[in-house]
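Here are the chains, one letter per residue:
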Amino acid sequence: MEARDFIDLGGQVAIVTGAGQNAGRATALELARHNTGGIAVNDFVAERAEAVAEEVRALGVPALAVPFDVGDLDAIRAANAAISAQLGPATILVNNAGMAGPNASIRPSQTFWEEDPANWERYLRTNLYGVYNCCYAFIPNMVEARRGRIVTIVSDSGRIGEPKLAVYASAKAGAQGFVRSIAKELGRYNATCNAVSLSALMPDMPEEQLAEVMQSDHAKTMMSRYTIRRYGKSSDVAGLVTFLCSNAAEWITGQTYPLNGGYAPSM
Ligand SMILES: NC(=O)c1ccc[n+]([C@@H]2O[C@H](COP(=O)([O-])OP(=O)(O)OC[C@H]3O[C@@H](n4cnc5c(N)ncnc54)[C@H](O)[C@@H]3O)[C@@H](O)[C@H]2O)c1
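Keep in mind that what you see is a predicted model, and the values were worked out from it rather than measured.

1. Topic: the packing of aromatic side chains
Piece 1. Across all of its chains, the model carries 6 aromatic pairs by this definition.
Piece 2. Aromatic pair Tyr226 and Tyr263: ring centres 4.9 Å apart, planes at 50°, arrangement tilted. Of this pair, Tyr226 sits in the loop between α8 (217–223) and α9 (234–245) while Tyr263 sits in the segment after β7 (256–259), and the two are 37 residues apart along the sequence.
Piece 3. With relative accessibility at 4%, the residue Tyr226 sits in the buried group.
Piece 4. Judged by relative accessible area, which is 19%, Tyr263 ranks as buried.
Piece 5. Here the aromatic residues Tyr129, Tyr132 and Phe178 are joined through ring pairs into a cluster of three or more.

Listed below in C-alpha coordinates is the structure:
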(Lines give C-alpha, C1' and ligand atoms only; values in the text may rest on other atoms or scores of the structure.)
Protein backbone atom coordinates (compact mmCIF):
# COMPACT_ATOMS: atom_id res chain seq x y z
CA MET A 1 0.00 0.00 0.00
CA GLU A 2 1.30 3.47 -0.86
CA ALA A 3 2.07 5.55 2.25
CA ARG A 4 -0.08 8.68 2.58
CA ASP A 5 1.71 11.97 3.25
CA PHE A 6 -0.27 13.31 6.20
CA ILE A 7 1.63 16.60 5.92
CA ASP A 8 -0.30 17.89 2.93
CA LEU A 9 -0.47 21.60 2.06
CA GLY A 10 -3.52 21.06 -0.12
CA GLY A 11 -2.01 22.76 -3.16
CA GLN A 12 -1.73 26.18 -1.47
CA VAL A 13 0.86 28.71 -2.60
CA ALA A 14 3.32 29.71 0.13
CA ILE A 15 5.62 32.65 0.74
CA VAL A 16 8.59 32.32 3.09
CA THR A 17 10.36 35.53 4.09
CA GLY A 18 14.11 35.66 4.69
CA ALA A 19 14.33 32.33 2.86
CA GLY A 20 17.66 32.93 1.16
CA GLN A 21 19.60 30.87 3.71
CA ASN A 22 19.49 28.65 6.80
CA ALA A 23 16.10 28.11 8.49
CA GLY A 24 14.07 29.98 5.85
CA ARG A 25 15.73 28.17 2.97
CA ALA A 26 15.18 24.76 4.60
CA THR A 27 11.53 25.69 5.21
CA ALA A 28 10.93 26.75 1.61
CA LEU A 29 12.39 23.45 0.39
CA GLU A 30 10.43 21.35 2.90
CA LEU A 31 7.15 23.06 2.00
CA ALA A 32 7.93 22.30 -1.64
CA ARG A 33 7.96 18.57 -0.85
CA HIS A 34 4.40 18.46 0.52
CA ASN A 35 1.92 19.29 -2.21
CA THR A 36 2.19 23.04 -2.51
CA GLY A 37 0.93 25.00 -5.51
CA GLY A 38 4.15 27.02 -5.59
CA ILE A 39 6.70 28.76 -3.39
CA ALA A 40 7.51 32.46 -3.35
CA VAL A 41 11.03 32.86 -1.97
CA ASN A 42 11.69 36.20 -0.32
CA ASP A 43 14.98 37.58 0.87
CA PHE A 44 16.38 41.06 1.16
CA VAL A 45 19.36 39.76 -0.84
CA ALA A 46 18.05 39.11 -4.37
CA GLU A 47 20.71 36.55 -5.39
CA ARG A 48 19.94 34.41 -2.35
CA ALA A 49 16.21 34.44 -3.09
CA GLU A 50 16.83 33.49 -6.73
CA ALA A 51 19.22 30.65 -5.81
CA VAL A 52 16.66 29.08 -3.45
CA ALA A 53 13.84 29.56 -5.98
CA GLU A 54 16.00 27.59 -8.41
CA GLU A 55 16.40 24.80 -5.83
CA VAL A 56 12.60 24.69 -5.42
CA ARG A 57 12.12 24.45 -9.19
CA ALA A 58 14.60 21.57 -9.25
CA LEU A 59 12.09 19.70 -7.03
CA GLY A 60 9.50 20.16 -9.77
CA VAL A 61 7.58 22.90 -7.97
CA PRO A 62 6.85 26.36 -9.42
CA ALA A 63 8.79 29.09 -7.64
CA LEU A 64 9.23 32.84 -7.79
CA ALA A 65 11.97 34.91 -6.18
CA VAL A 66 10.49 38.03 -4.58
CA PRO A 67 13.29 40.11 -3.09
CA PHE A 68 12.06 42.82 -0.73
CA ASP A 69 12.66 44.24 2.72
CA VAL A 70 9.85 43.09 5.02
CA GLY A 71 9.92 46.58 6.49
CA ASP A 72 8.66 48.00 3.18
CA LEU A 73 4.89 47.56 2.86
CA ASP A 74 4.66 48.92 -0.68
CA ALA A 75 7.27 46.44 -1.91
CA ILE A 76 5.40 43.58 -0.22
CA ARG A 77 2.14 44.61 -1.89
CA ALA A 78 3.87 44.65 -5.28
CA ALA A 79 5.30 41.18 -4.57
CA ASN A 80 1.85 39.92 -3.58
CA ALA A 81 0.47 41.03 -6.94
CA ALA A 82 3.36 39.36 -8.81
CA ILE A 83 2.93 36.10 -6.86
CA SER A 84 -0.83 36.08 -7.52
CA ALA A 85 -0.24 36.61 -11.23
CA GLN A 86 2.49 34.01 -11.60
CA LEU A 87 1.78 31.31 -9.00
CA GLY A 88 -1.68 32.11 -7.68
CA PRO A 89 -2.61 33.95 -4.45
CA ALA A 90 -0.37 33.02 -1.53
CA THR A 91 -2.45 31.68 1.37
CA ILE A 92 0.48 30.35 3.42
CA LEU A 93 2.77 32.95 4.98
CA VAL A 94 5.91 32.05 6.92
CA ASN A 95 7.31 35.12 8.68
CA ASN A 96 10.90 33.94 9.00
CA ALA A 97 12.94 37.08 8.20
CA GLY A 98 14.43 38.25 11.45
CA MET A 99 17.55 38.88 13.48
CA ALA A 100 19.04 42.34 13.16
CA GLY A 101 17.62 43.04 9.70
CA PRO A 102 19.34 43.15 6.35
CA ASN A 103 23.12 43.54 6.32
CA ALA A 104 23.43 43.37 10.07
CA SER A 105 24.59 40.56 12.29
CA ILE A 106 23.03 40.03 15.67
CA ARG A 107 25.59 40.31 18.43
CA PRO A 108 24.82 40.90 22.06
CA SER A 109 26.49 44.21 22.71
CA GLN A 110 25.54 46.43 25.60
CA THR A 111 22.97 46.59 28.31
CA PHE A 112 19.80 48.31 27.17
CA TRP A 113 20.57 51.61 28.88
CA GLU A 114 24.04 51.78 27.33
CA GLU A 115 22.91 51.05 23.77
CA ASP A 116 22.41 53.81 21.22
CA PRO A 117 18.64 54.25 20.63
CA ALA A 118 19.46 54.48 16.92
CA ASN A 119 19.94 50.66 17.07
CA TRP A 120 16.36 49.96 18.15
CA GLU A 121 14.78 50.55 14.80
CA ARG A 122 16.53 47.78 12.84
CA TYR A 123 15.26 45.14 15.29
CA LEU A 124 11.72 46.50 15.34
CA ARG A 125 11.54 47.06 11.59
CA THR A 126 12.31 43.45 10.67
CA ASN A 127 11.07 41.39 13.63
CA LEU A 128 7.86 43.30 14.44
CA TYR A 129 6.86 45.69 11.64
CA GLY A 130 7.97 43.06 9.12
CA VAL A 131 5.42 40.65 10.58
CA TYR A 132 2.68 43.34 10.62
CA ASN A 133 3.44 44.26 7.00
CA CYS A 134 3.43 40.73 5.61
CA CYS A 135 0.25 39.81 7.50
CA TYR A 136 -1.37 43.03 6.29
CA ALA A 137 -0.53 42.30 2.66
CA PHE A 138 -1.23 38.54 2.52
CA ILE A 139 -4.19 38.02 4.89
CA PRO A 140 -6.75 39.35 2.35
CA ASN A 141 -5.78 36.38 0.11
CA MET A 142 -6.68 34.02 2.96
CA VAL A 143 -9.95 35.76 3.72
CA GLU A 144 -10.89 35.57 0.05
CA ALA A 145 -9.92 31.88 -0.23
CA ARG A 146 -11.43 31.07 3.19
CA ARG A 147 -8.33 29.14 4.15
CA GLY A 148 -4.76 29.91 5.10
CA ARG A 149 -1.80 29.45 7.39
CA ILE A 150 0.52 31.92 9.08
CA VAL A 151 3.59 30.76 10.98
CA THR A 152 5.85 33.36 12.56
CA ILE A 153 9.34 32.53 13.78
CA VAL A 154 10.00 34.14 17.14
CA SER A 155 12.66 33.55 19.76
CA ASP A 156 12.99 32.18 23.26
CA SER A 157 14.65 35.50 24.03
CA GLY A 158 11.13 36.94 23.81
CA ARG A 159 9.57 34.23 26.02
CA ILE A 160 12.31 33.98 28.61
CA GLY A 161 14.44 37.14 28.25
CA GLU A 162 18.01 37.57 27.04
CA PRO A 163 20.53 40.04 28.46
CA LYS A 164 21.99 42.47 25.92
CA LEU A 165 19.32 41.58 23.36
CA ALA A 166 16.42 43.39 25.00
CA VAL A 167 15.11 45.23 21.94
CA TYR A 168 15.32 42.15 19.69
CA ALA A 169 13.62 40.10 22.44
CA SER A 170 10.85 42.66 22.83
CA ALA A 171 10.21 42.74 19.07
CA LYS A 172 9.90 38.93 19.06
CA ALA A 173 7.63 39.02 22.13
CA GLY A 174 5.49 41.63 20.39
CA ALA A 175 5.19 39.42 17.32
CA GLN A 176 3.94 36.58 19.53
CA GLY A 177 1.23 38.75 21.04
CA PHE A 178 0.28 40.02 17.63
CA VAL A 179 -0.18 36.58 16.08
CA ARG A 180 -2.36 35.43 18.98
CA SER A 181 -4.79 38.26 18.21
CA ILE A 182 -4.63 37.69 14.46
CA ALA A 183 -5.47 34.03 15.10
CA LYS A 184 -8.73 35.16 16.72
CA GLU A 185 -9.59 37.38 13.76
CA LEU A 186 -8.84 34.64 11.22
CA GLY A 187 -10.58 31.67 12.81
CA ARG A 188 -13.86 32.21 11.00
CA TYR A 189 -12.00 32.00 7.68
CA ASN A 190 -10.44 28.59 8.43
CA ALA A 191 -7.05 30.22 8.57
CA THR A 192 -4.66 29.51 11.44
CA CYS A 193 -1.89 31.61 12.92
CA ASN A 194 0.87 30.27 15.17
CA ALA A 195 4.39 31.09 16.29
CA VAL A 196 7.47 28.91 16.64
CA SER A 197 9.89 30.04 19.33
CA LEU A 198 13.52 29.06 18.72
CA SER A 199 16.52 28.83 20.96
CA ALA A 200 19.98 28.99 19.41
CA LEU A 201 20.43 27.47 15.98
CA MET A 202 23.74 26.02 14.85
CA PRO A 203 26.10 28.93 14.17
CA ASP A 204 26.58 29.48 10.45
CA MET A 205 30.33 28.86 10.07
CA PRO A 206 32.78 26.44 8.45
CA GLU A 207 32.89 22.96 10.05
CA GLU A 208 36.43 23.29 11.44
CA GLN A 209 35.66 26.61 13.11
CA LEU A 210 32.42 25.18 14.49
CA ALA A 211 34.27 22.17 15.96
CA GLU A 212 36.61 24.61 17.73
CA VAL A 213 33.70 26.70 19.04
CA MET A 214 31.97 23.58 20.35
CA GLN A 215 35.07 22.77 22.45
CA SER A 216 34.93 26.14 24.20
CA ASP A 217 33.78 26.46 27.83
CA HIS A 218 31.08 28.87 26.69
CA ALA A 219 29.60 26.33 24.27
CA LYS A 220 29.80 23.52 26.85
CA THR A 221 27.99 25.62 29.46
CA MET A 222 25.39 26.57 26.91
CA MET A 223 24.83 22.99 25.79
CA SER A 224 24.34 21.89 29.40
CA ARG A 225 21.07 23.86 29.34
CA TYR A 226 19.64 21.76 26.50
CA THR A 227 18.04 18.39 27.25
CA ILE A 228 18.96 17.40 23.70
CA ARG A 229 22.59 18.55 23.75
CA ARG A 230 23.01 20.27 20.45
CA TYR A 231 22.15 23.49 18.67
CA GLY A 232 19.00 23.58 16.59
CA LYS A 233 19.16 22.69 12.92
CA SER A 234 17.41 24.37 10.01
CA SER A 235 15.66 21.04 9.40
CA ASP A 236 14.15 21.17 12.92
CA VAL A 237 12.53 24.49 12.01
CA ALA A 238 11.43 23.33 8.57
CA GLY A 239 9.74 20.21 9.99
CA LEU A 240 7.59 21.99 12.58
CA VAL A 241 6.70 24.90 10.31
CA THR A 242 5.66 22.57 7.50
CA PHE A 243 3.48 20.57 9.88
CA LEU A 244 1.78 23.76 11.13
CA CYS A 245 1.15 24.82 7.52
CA SER A 246 -0.41 21.49 6.61
CA ASN A 247 -3.98 20.23 6.67
CA ALA A 248 -2.99 18.03 9.64
CA ALA A 249 -2.74 21.19 11.79
CA GLU A 250 -6.14 22.67 10.96
CA TRP A 251 -7.25 22.74 14.63
CA ILE A 252 -4.08 24.39 15.96
CA THR A 253 -4.16 28.16 16.21
CA GLY A 254 -3.11 31.03 18.45
CA GLN A 255 -0.22 29.01 19.90
CA THR A 256 3.50 29.51 20.39
CA TYR A 257 5.53 26.32 20.12
CA PRO A 258 8.96 26.33 21.77
CA LEU A 259 11.44 24.52 19.49
CA ASN A 260 14.48 24.33 21.67
CA GLY A 261 15.73 20.83 22.55
CA GLY A 262 14.22 21.21 26.02
CA TYR A 263 16.21 24.38 26.79
CA ALA A 264 16.05 25.55 30.39
CA PRO A 265 17.63 28.89 31.22
CA SER A 266 20.14 29.15 34.05
CA MET A 267 18.96 30.98 37.15
N1 LIG B 1 19.77 31.66 14.49
C2 LIG B 1 19.32 31.58 15.74
O3 LIG B 1 20.05 31.13 16.67
C4 LIG B 1 17.93 32.04 16.06
C5 LIG B 1 17.47 31.94 17.39
C6 LIG B 1 16.16 32.34 17.69
C7 LIG B 1 15.34 32.83 16.68
N8 LIG B 1 15.83 32.94 15.40
C9 LIG B 1 14.94 33.46 14.36
O10 LIG B 1 14.82 32.48 13.34
C11 LIG B 1 14.66 33.11 12.07
C12 LIG B 1 15.68 32.58 11.08
O13 LIG B 1 16.97 32.71 11.63
P14 LIG B 1 18.28 32.30 10.79
O15 LIG B 1 19.38 32.11 11.77
O16 LIG B 1 17.96 31.23 9.81
O17 LIG B 1 18.51 33.70 10.04
P18 LIG B 1 19.69 34.15 9.05
O19 LIG B 1 20.22 35.45 9.56
O20 LIG B 1 20.65 33.04 8.79
O21 LIG B 1 18.88 34.39 7.70
C22 LIG B 1 17.89 35.38 7.65
C23 LIG B 1 17.68 35.78 6.20
O24 LIG B 1 16.69 36.80 6.25
C25 LIG B 1 17.10 37.88 5.41
N26 LIG B 1 16.57 39.10 5.96
C27 LIG B 1 16.97 39.78 7.06
N28 LIG B 1 16.25 40.87 7.25
C29 LIG B 1 15.35 40.92 6.22
C30 LIG B 1 14.34 41.82 5.85
N31 LIG B 1 14.12 42.93 6.57
N32 LIG B 1 13.60 41.54 4.75
C33 LIG B 1 13.83 40.42 4.02
N34 LIG B 1 14.81 39.54 4.31
C35 LIG B 1 15.55 39.78 5.41
C36 LIG B 1 18.61 37.87 5.40
O37 LIG B 1 19.13 38.43 4.20
C38 LIG B 1 18.93 36.36 5.54
O39 LIG B 1 19.13 35.75 4.27
C40 LIG B 1 14.76 34.61 12.34
O41 LIG B 1 13.46 35.16 12.47
C42 LIG B 1 15.49 34.69 13.66
O43 LIG B 1 15.20 35.89 14.37
C44 LIG B 1 17.09 32.53 15.07
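2. Overview of a nonpolar patch on the surface
Piece 1. A surface patch of nonpolar side chains, about 390 Å² in accessible area, is lined by Phe112, Trp113 and Trp120.
Piece 2. Topologically, Trp113 is positioned in the loop between β4 (90–95) and α4 (120–145).

3. Quick look at the side chain of Thr256
Piece 1. Mapping Thr256 onto the fold places it in strand β7.
Piece 2. Side chain to side chain, Thr256 and Gln176 meet in a polar contact 3.4 Å long.
Piece 3. Not counting the four nearest positions on each side in its chain, Thr256 is found in contact with Val154, Arg159, Gln176, Arg180, Ala195 and Ser197.

4. Focus on the site of the ligand
Piece 1. Around the ligand lies a shell of 29 residues, among which Asn22, Asp43, Asn96, Tyr168 and Leu201 are the nearest.
Piece 2. In this structure, an oxygen atom belonging to the ligand sits 2.9 Å away from a side-chain N or O atom of Gln21.
Piece 3. A distance of 3.1 Å is found between an oxygen atom of the ligand and a backbone nitrogen or oxygen belonging to Met99.
Piece 4. If the ligand stood free it would expose 830 Å²; the protein chains cover 90% of that surface.
Piece 5. Mapped by element, the contributors of at least two residues to the shell around the ligand are α1 (22–32), α4, β5 (148–155) and α6 (166–186).
Piece 6. In terms of residue count, the dominant contributor to the shell around the ligand is β5 (3 residues).
Piece 7. A per-class count over the shell around the ligand returns 14 nonpolar, 11 polar and 4 charged.

5. So, the side chain of Asp69
Piece 1. On the secondary structure map, Asp69 appears in the loop between β3 (63–65) and α3 (73–86).
Piece 2. Asp69 sits in the buried class, given a relative accessible area of 13%.
Piece 3. The residues contacting Asp69, other than those within four sequence positions of it, are Phe44, Ile76, Pro102 and Arg125.

Thresholds applied
- Residues numbered from 1 in each chain as written.
- Predicted model: local features only at pLDDT ≥ 70, side-chain atom pairs only at ≥ 80, totals over all residues.
- Heavy atoms only, no water.
- Phe/Tyr/Trp six-rings, centres within 6.5 Å; stacked < 30°, edge-to-face > 60°.
- Helix = DSSP H or I, 4+ residues; strand = E, 2+ residues; numbered from the N terminus.
- Buried < 20%, exposed > 50% of the residue type's maximum accessible area, 1.4 Å probe, protein only.
- Patch = residues over 30% accessible without salt bridge, like charges linked within 9 Å, V, L, I, M, F, W, Y side chains within 5 Å.
- Areas by Shrake-Rupley, 256 points an atom, 1.4 Å probe, with all protein chains shown as cover.
- Salt bridge = Lys/Arg side-chain N within 4 Å of Asp/Glu carboxyl O.
- Polar contact = N/O pair within 3.5 Å; in protein donor to acceptor, adjacent residues only side chain to side chain.
- Contact = heavy atoms within 4.5 Å.
- Near = heavy atom within 4 Å.
- Nonpolar A, V, L, I, M, F, W, Y, C, P; charged D, E, K, R; others polar.

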